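Results of the structural survey
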Amino acid sequence: MSDSIARETLGVDLRDIHKQFYGVKANEGVNFQLRPGEVHALLGENGAGKSTLCSILAGLYRPDAGEMVIDGEPVVFKSPKDALAAGIGMVYQHFRLVPNLTVAENLALGHHNLGVLVDQKDLQSDAAELGERYGLPVDATARIWQLSVGEQQRVEILKLLYRDARVLILDEPTAVLTPQESQALFSTMRQLTDEGRSVIFVSHKLHEVKQVSDRVSVMRQGQMVGEIDTADAEPRDLARMMVGRDLELPTREEDESTGEPVLVVRDLRVPGDRGLESVKGVSFEVRAGEVVGVAGVSGNGQRELAYGLVGLRRPTAGSVSLDSVDVTEANVLEHIRQGLAYVPQNRLGMGLSPGLTTEDNLGLKAFREAPYSKGRQLVPAAFKTRGKDLIAQYDIRGVVPGLPIRLLSGGNLQKALLAREVEMQPKILIARSPTRGLDVGATEAVRNSILRERQRGTGILLMSEDLDELLALSDRLIVLYEGEIVGELTARMATAERLGLLMAGQKDGGN
Amino acid sequence: MNDSQLILTIVAAIGLGTPLIFATVGEIITERAGILNLGVQGTMLVGAVTGFWATFQTGSLTLGILASLLAGAAFSVIHAFASITLRVSQIVSGLALTIFGTGLASFLGKAGSDPLVGEPARDQFDAIISGGIADWPVVGPLIFGHDILVYVAWIAAGAASYYLFRTRMGLSLRAVGEDPASAESAGVNVAWVRYVHVMAGGALAGLGGAYYPLALVPTWQDNPIGAAGWIAIALVILASWRPWRALFAAYLFGAAARIQFTLQTLGEPWSSIPATILAMIPFVLAIIAMIALTSGKRARFLGAPAALGIPYFREQR
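Residues numbered from 1 in each chain as written. Chains lettered and ligands numbered in written order. Predicted model: local features only at pLDDT ≥ 70, side-chain atom pairs only at ≥ 80, totals over all residues. Heavy atoms only, no water.

On a plain count of helices and strands, chain A comes out with 16 helices and 22 strands. Its C-alpha atoms give chain A a radius of gyration of 25 Å, within 12% of the compact-globule value 24 Å for 511 residues. When its C-alpha atoms are laid out on the principal axes, chain A stretches across 75 × 45 × 45 Å. Within chain A, the proportion of its 511 residues that are buried is 53%. The long-range share in chain A, meaning contacts at least 24 apart out of those at least 6 apart in sequence, stands at 69%. Taking the average place of the 59 positive charges on the side chains of chain A and the average place of its 71 negative ones, the gap between the two points comes to 6 Å. (Helix = DSSP H or I, 4+ residues; strand = E, 2+ residues; numbered from the N terminus. Rg over C-alpha atoms; globule rule 2.2 N^0.38 Å. Buried < 20%, exposed > 50% of the residue type's maximum accessible area, 1.4 Å probe, protein only. Contact = heavy atoms within 4.5 Å. Lys, Arg positive; Asp, Glu negative; His and termini not counted. Charge placed at Lys NZ, Arg CZ, Asp CG, Glu CD.)

Quick look at the structure:
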């Protein structure tokens, strides 16, 4: 490991960067300057082109046009290797760690490639020393798949420091962290800039940007729309720059549901993929006309809980009742017939069939009944006419009749999926991260759909990692930690801080 | 004592297993880079005919082996180009390689006015030690009585193991096979690593092929290797992608291939089992081993490279 203070800090200047993917303009004439020693926030909606810009700077993508200048010298990066050699490294949103290798091996990978021997002990002590210096403790002998998401992120940062990166690009680093973990990350970022390194902090959360950055650049639809010192930036102005208009995301109207319980879960236990118990005795209920939010850092049993509730995985103990009927042992079809609608996290693949047309996908759950079926025969014309109606009614855009649904954008896919589920007139709707990766317009539409269902008297179980969304939509919130419910809060009592503490496993999150 | 059926069977198993070691270790190296090469059978045959021809022309076994290594590496470049650069289905490309290689080797063996078919090898690999310690009871024939390539195979398995788990290049190789995107972000040149190891695997397959006409049956006949290439692909799984285990897996199959001859020498009732049934033993064994190893929860601990068979495209979104 070379001495970290010795190398000069870098100034980065990106000029008129263009990049297209299959005809979609991800970056359109973007200019971006990074000063040495600053935390520079890159703010923008999903799909604004932030990740693309960062991936270009990190050498992963090559720009179609434009110039990169580092410390006054034009550079061309052919691969991440070149960027790392120049002192620029990136922590991607989806971590780039080899799951089956140890922490130490991941640190060593690709570094000093010509050296012959790998000495595990040396690597481990290097890792431990670095971790201690930057407040990023991690067990160097552990394999990546054994680590929590927060720990994996620390490894990613250590990987860059191990190569003495001068510019660290962090792509939405807080998306996977609890509020407390985010604070720890911010102090690490400060320490890095104190040493003269600079950090590009990608986010779409205004309060984080406000808290941690020195300057902000805002992107919208592939273009840079402004750059401003953070001290001068009002959150409302940033929001307007980000979305291009004033924005009012729908929130729940205040009124407590007094409906009958439509989903009753008692001491439910569900196994995980590796056979161990992932949901460890969970009890709760959802009433008609109520949104119950499920908060938790991903991987704390949300997926298994959803599988157990919709019949995709047989619980090992406990019971699930839908509308007073026990469905613990029932298969998926029986759940659907009992009035259950499900919006899975993986909308293309699990929610929708990518290769079928939009019209066919819209009929994919109701096809056993009229008008889609007549006895045992399908009525193809019904798919066309019903489909057309639903596409218009739910404002699903970009549909070309006869072409597969996978060609639609994420927002329109989600609208189609929700249209199909809501059209079943469910008694209970289970939705997992329904607005993840969607732009503001689509998020608005999806949230409105959920609130309309609530108004209609559907019980809704909303599982999400987006705390703002949970707080905006939920009447009540439960927090999952390591497969158990560690807290239950009413909307009035819930704050991001309290939820954060509970998500970190502290049962008395209120104090 | 050294003439007992047991000893003779084991010695024969070592001989029959040796080409399988080369091919299996080669395929392990290839698959560790995330490339599935179903062209082993074709590559072995091309190595076999090239090696035999080179020795036939020059009288030199060394040149024969060099030729088979080069031919194997060069032939597998086709698969590397198709699967790494063009990103076509590795299954299709590998099968095409086998079909092509089988035809090419057969053609080269029959081509010209003076074809190779039926010609004896001008030289062949013999035991490097005769008499002395090679005649010692038990250990003589089992350890000291072999030709040089048997020992080279041992070294190859050990070296491959060391390379994979103790060197930085080996670490890069494993990372590329597990998760090319992560490896690339860490500064590893994924395409280069894959090319090099597909070719290295091809070279070893070529060498394995050449062992048949230069050591086991020193003459050229159409398809001298049987289905060894396919067995090698099964052995990779049986060895759970670890070179050391390939050594034992290969000898086990060598023994299975030999058992039919041993049984015939044992007299009734063994010798009345039809030879065609006995010839199936290695393949039945392969199927049973695969089912036993890959079924249920055990599969997870096998250690198949996670990115095996998946084309890698850096700018995929």
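Our focus in this paragraph is the packing of helix α10 (residues 228-238) of chain B against helix α13 (residues 281-294) of chain B. Residues and elements named next belong to chain B. Contact pair α10 / α13: the axes reach a minimum separation of 10 Å and the direction vectors enclose 30°. As far as their axial angle goes, α13 and α10 are roughly parallel. The handedness of the crossing between α10 and α13 comes out as left-handed. Judged by residue contacts, Ile231, Ala234, Ile237 and Leu238 of α10 engage Pro282, Phe283, Ala286, Ala289, Met290, Leu293 and Thr294 from α13. Tallied by class, the residues present in the contact of α10 with α13 amount to 10 nonpolar, one polar and no charged. (Axes fitted to C-alpha atoms, helices over the stretch in contact; angles between N-to-C directions. Parallel < 35°, antiparallel > 145°, perpendicular 65-115°, else oblique. Left-handed = near helix turned anticlockwise from the far one by under 90°. Nonpolar A, V, L, I, M, F, W, Y, C, P; charged D, E, K, R; others polar.)

To continue, consider helix α9 (residues 190-216) of chain B. For an α-helix, the turn length of 3.6 residues means that residues three or four places apart are oriented alike. All names here are of chain B. End to end, α9 covers 38 Å across 27 residues, agreeing with the expected 39 Å (1.5 Å per residue, within 8%). The sharpest bend along α9 comes to roughly 30°, located at Ala210, with the proline Pro213 sitting one to four residues further on. For α9, the tally of buried residues reaches 20 of 27 residues, placing the bulk of the element in the interior. (Expected span 1.5 Å × (residues − 1). Bend = angle between axes of the 7 residues up to and from the residue.)

A complete count under the given rule lists 31 salt bridges over all chains for this structure. Linked by salt bridges that have partners in common, Arg133(A), Asp164(A), Arg166(A), Glu195(A) and Arg197(A) make up one network. (Salt bridge = Lys/Arg side-chain N within 4 Å of Asp/Glu carboxyl O.)

All names here are of chain A. Here Asn361 shows up in helix α11 (residues 358-362). With 348 residues separating them along the chain, Asn361 and Asp13 place their C-alpha atoms 46 Å apart. What Asn361 contacts, discounting residues up to four positions off in sequence, is Leu352, Ser353, Leu356, Ile405 and Arg420.

Next up on the list: the domain arrangement of chain A. Residue and element names in this part refer to chain A. You can read the domains of chain A as domain 1 (12-243) and domain 2 (261-503). Between domain 1 and domain 2, the contact holds nine residues from the first and 13 residues from the second. Carbon and sulfur atoms supply 60% of the area buried between domain 1 and domain 2, which totals about 860 Å² over both sides. At the junction of domain 1 and domain 2, the tally comes to zero residue pairs in polar contact (both at pLDDT 80 or more). Grouping the amino acids of the side of domain 1 that touches domain 2 by side-chain chemistry returns five nonpolar, three polar and one charged. (Domains from an automatic or database assignment. Buried area = accessible area lost by both parts, 1.4 Å probe. Polar contact = N/O pair within 3.5 Å; in protein donor to acceptor, adjacent residues only side chain to side chain.)

With that settled, the discussion passes to a nonpolar patch on the surface. On the surface, Ile277(B), Met280(B), Val284(B) and Ile288(B) cluster together into a nonpolar patch covering about 350 Å² of accessible area. You can see Ile288(B) is positioned in helix α13. (Patch = residues over 30% accessible without salt bridge, like charges linked within 9 Å, V, L, I, M, F, W, Y side chains within 5 Å. Areas by Shrake-Rupley, 256 points an atom, 1.4 Å probe, with all protein chains shown as cover.)

All names here are of chain A. Reading across from one edge, β2-β1-β4-β5 is the order of the four strands in this open sheet, with antiparallel pairing throughout. At either margin of the open sheet sits one strand with a lone partner, and together these are β2 (24-34) and β5 (73-75). Adjacent strand axes in the sheet meet at a mean angle of 30°, parallel and antiparallel pairs treated alike. Strand direction decides the pairing type here: strand β1 (residues 12-21) and β2, joined by eight bridges, are antiparallel. (Pairing = 2+ DSSP bridges.)

Next up on the list: the sheet that holds strand β7 (residues 167-171) of chain A. Residue and element names in this part refer to chain A. Within the open sheet, the six strands sit side by side as β6-β7-β8-β3-β9-β10. Their pairing is mixed. Pairing within the sheet leaves two strands with one partner each, and these edge strands are β6 (88-91) and β10 (223-229). The average undirected angle you get between the axes of adjacent strands in this sheet is 20°. As judged from the four bridges shared by β6 and β7, these two strands associate in the parallel manner. Looking across to β7, one finds that Gly89 is bridged to Leu168.

Let us look at the interface of chain A and chain B. With 35 residues of chain A at the contact, the number on the chain B side is 25 residues. Contact between chain A and chain B buries roughly 2,700 Å² in total, counting both sides, with carbon and sulfur atoms accounting for 53%. Connecting chain A to chain B are one salt bridge. Residue Arg174(B) is joined to Glu105(A) by a salt bridge in which the shortest nitrogen-to-oxygen separation is 3.2 Å. Run the count over chain A and chain B and you get seven residue pairs in polar contact (both at pLDDT 80 or more). When contributions to the side of chain A that touches chain B are tallied by element, the ones reaching two or more residues are β1, α2 (80-85) and α3 (103-108) of chain A. For the side of chain A that touches chain B, the leading source of residues is α2(A), giving three residues. Taken together, the residues that form the side of chain A that touches chain B break down as 17 nonpolar, nine polar and nine charged.

A separate point is the pairing of β7(A). Residue and element names in this part refer to chain A. Of all five residues making up β7, five are buried, and the element is well covered by its neighbours. Sheet analysis places β7 next to strand β8 (residues 198-203), joined by five bridges and oriented parallel. Looking at the pairing, Val167 lines up with Ser198 of β8.

Our next topic: the pairing of β1(A). Pairing geometry for β1(A) and strand β4 (residues 65-70) of chain A, over five bridges, is antiparallel. For Leu14(A), the partnering residue across the bridge sits in β4(A) and is Met68(A).

Residues and elements named next belong to chain A. When helix α8 (residues 235-243) is considered as a whole, its buried residues turn out to be Leu238, Met242 and Val243. In a view along the axis of α8, the buried residues occupy a sector of 115°, so they form one face of it. In this structure, the buried residues of α8 make contact with β3 (39-44), α7 (206-212), β9 (215-220), β10 and α14 (440-456). Downstream of α8 by one or two residues, Gly244 has phi in the positive range, about 85°. (Arc of directions from axis to C-beta.)

What follows deals with the packing of aromatic side chains. For the structure on display, the rule yields seven aromatic pairs over all chains. Their ring planes at 35° and their centres at 5.5 Å tell us that Phe75(B) and Phe100(B) sit as a pair that is tilted. Residue Phe75(B) is found in helix α3 (residues 61-85), and its partner Phe100(B) is found in helix α4 (residues 90-110); the two are separated by 25 residues along the sequence. Accessibility expressed as a relative area gives 43% for Phe100(B), which makes it partly exposed. Residues Trp136(B) and Phe144(B) carry aromatic rings whose centres are separated by 6.4 Å and whose planes lie at 80° to one another, so their mutual orientation is edge-to-face. You can call Phe144(B) partly exposed: its relative accessible area is 27%. An aromatic cluster is built from Phe52(B), Phe56(B) and Trp220(B), whose rings are joined through pairwise contacts. Lying across the ring of Tyr92(A), Arg96(A) places its NZ or CZ 4.4 Å from the centre. (Phe/Tyr/Trp six-rings, centres within 6.5 Å; stacked < 30°, edge-to-face > 60°. Lys NZ or Arg CZ within 6 Å of the ring centre and 35° of its normal.)

Let us now look at the packing of helix α11 (residues 243-265) of chain B against α13(B). All names here are of chain B. Contact geometry for α11 and α13: axes closest at 8 Å, N-to-C directions at 140°. If you check the angle between α11 and α13, you find them oblique. Between α11 and α13, the contacting residues are Leu252, Phe253, Ala256, Ala257 and Ile259 on the first element and Ile281, Pro282, Leu285 and Ala286 on the second. Considering only residue class, the contact of α11 with α13 consists of nine nonpolar, no polar and no charged.

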